[in-house]
Amino acid sequence: MKKAALFFDIDGTILSEVTGKIPDSAIEALKAAKAKGHLLFINTGRTMSSIPIQLKRFEFDGYLCGCGTYLTYRDEVLFSRSIERKRGRAILDKMMECKIDGIAEGTEDVYLPSRISRFDKLESSRRYFQRSGLGQELYLEKDDFIYDKVFAYADEKSDTKAFFDFIREDMEVIDRGNNTYEVIQKGYSKATACEFILKKFGMELEQAYVFGDSTNDISMFEYAVHTVAMGVHAAELEPYTEYITSEVEQDGIAKAIRHYGLG
């Protein structure tokens, strides 16, 4: 078969949210696919600073981060786009004015509120990032930094409409459920990341295979022909899914690679 490009979401797709590991079966399947000459990329909403160390178990060809805003191939940065500093500060100020809490995610670090948040999930994320040495130097409210995207938390006290209206010109909102929102730069997505790689290597759309489980994978599922949803996945992916595999813990990646004859 022709050389293919495989694009993997991280959490719940290639990395188990139950065990915190990449299954051995997935590692072996990835090695087999790479031995056949296929290109393997992580395609994630995470920014480069928060890529889990567990992924280093396998030498991916590149990392496509921040929903299409930071793209690497081996040791080369192919593309990078952050939010302009002044606009970034205005977005965070408006977010706090609207009683929304969040995490600003950058290439170098993540930036959290200095105070304890009323959102338990944000505090859980704080603990996760701090275990990795992230989010401890600069804080959301006042410090000067550049970032690429925001993960926002809202509730009945929040004025999400005012915030979304304020950012509409240059940002897009992905509803992640339970009043959480991924706020990304307009015109960039996991789909644009796939397209960039295919163009770089002179590949056709039929040579792309995407693997995911959540709503921030929709753009690449809409874009690609060969789309693999994990056994546990957001219902919104189903209209665009070609193949449903098993859960990540049940050898889902290995089964999908085998199904397509990629390994």
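My aim in this report is to walk through the structure given alongside it, one point at a time. (Residues numbered from 1 in each chain as written. Predicted model: local features only at pLDDT ≥ 70, side-chain atom pairs only at ≥ 80, totals over all residues. Heavy atoms only, no water.)

## Remarks on the sheet that holds strand E10 (residues 180-185)
Stage number 1. One open sheet accounts for 5 strands, arranged E7-E6-E8-E10-E9; its pairing is antiparallel. Strands with a single pairing partner mark the edges of an open sheet, and in this sheet they are strand E7 (110-111) and strand E9 (171-177).
Stage number 2. Sheet analysis places strand E6 (residues 101-105) next to strand E8 (residues 149-153), joined by 5 bridges and oriented antiparallel. Following the sheet pairing, Asp 101 is matched in E8 by Tyr 153.
Stage number 3. The strands touched by helix H4 (residues 160-167) within the sheet are E9 and E10, with E10 carrying the most contacts at an inclination of about 10°. (Pairing = 2+ DSSP bridges. Helix = DSSP H or I, 4+ residues; strand = E, 2+ residues; numbered from the N terminus. Contact = heavy atoms within 4.5 Å. Axes fitted to C-alpha atoms, helices over the stretch in contact; angles between N-to-C directions.)

## Looking at the packing of aromatic side chains
How two aromatic rings sit relative to each other is set out by the distance from centre to centre and by the angle between their planes.
Stage number 1. Per the counting criterion, the structure on display carries 17 aromatic pairs.
Stage number 2. Arranged with centres 5.7 Å apart and planes meeting at 25°, the rings of Phe 79 and Tyr 188 form a pair that is stacked. With Phe 79 in strand E5 (residues 76-80) and Tyr 188 in the loop between E10 and helix H5 (190-200), the pair connects residues that are 109 residues apart, well separated along the chain.
Stage number 3. On the numbers, 6.0 Å between centres and 80° between planes, the contact of Tyr 243 with Tyr 260 is edge-to-face. Here Tyr 243, found in strand E13 (residues 243-244), pairs with Tyr 260, found in the segment after helix H7 (252-259); they are 17 residues apart in sequence, far enough to count as distant.
Stage number 4. Here Arg 87 stacks its cationic end above the ring of Phe 166, 4.8 Å away from the centre of that ring.
Stage number 5. Just above the ring of Phe 201 sits the side chain of Lys 200; from NZ or CZ to the centre is 5.6 Å. (Phe/Tyr/Trp six-rings, centres within 6.5 Å; stacked < 30°, edge-to-face > 60°. Lys NZ or Arg CZ within 6 Å of the ring centre and 35° of its normal.)

## Side note on the layout of surface pockets
Stage number 1. Estimates place the volume of the largest pocket at around 1000 Å³.
Stage number 2. Contributing elements (two or more residues each) for the lining of the largest pocket: E6, helix H3 (120-131), E8, E9 and E10.
Stage number 3. Looking at which element gives the most residues to the lining of the largest pocket, the answer is H3, with 6 residues.
Stage number 4. Here the residues of the lining of the largest pocket sort into 8 nonpolar, 14 polar and 13 charged. (1 Å grid on protein atoms, 1.4 Å probe; cavity = no way out; pocket = protein on both sides within 12 Å on 5 of 7 lines; lining within 4 Å. Points joined across faces, edges and corners; volume = space filled by probe spheres on them. Nonpolar A, V, L, I, M, F, W, Y, C, P; charged D, E, K, R; others polar.)

## Things to note about the packing of helix H1 (residues 24-35) against H7
Stage number 1. Two elements in contact, H1 and H7, have axes separated by 7 Å at closest approach and are oriented at 30°. Between H1 and H7, the crossing angle belongs to the class labelled roughly parallel. When H1 is examined against H7, the residues Ser 25, Ala 26, Ala 29 and Leu 30 are found in contact with a partner set consisting of Ile 253, Ala 254 and Ile 257.
Stage number 2. Looking at side-chain class alone, the contact of H1 with H7 contains 6 nonpolar, 1 polar and no charged residues. (Parallel < 35°, antiparallel > 145°, perpendicular 65-115°, else oblique.)

## Focus on the side chain of Gln 185
Stage number 1. Among the structural elements, Gln 185 can be located in strand E10.
Stage number 2. Since its relative accessible area comes to 5%, Gln 185 is described here as buried.
Stage number 3. There is a polar contact of 2.8 Å between the side chain of Gln 185 and the backbone oxygen of Arg 81.
Stage number 4. If we skip the residues at most four places from it in the chain, Gln 185 touches Thr 69, Arg 81, Ser 82, Ile 83, Asp 148, Asp 170 and Met 171. (Buried < 20%, exposed > 50% of the residue type's maximum accessible area, 1.4 Å probe, protein only. Polar contact = N/O pair within 3.5 Å; in protein donor to acceptor, adjacent residues only side chain to side chain.)

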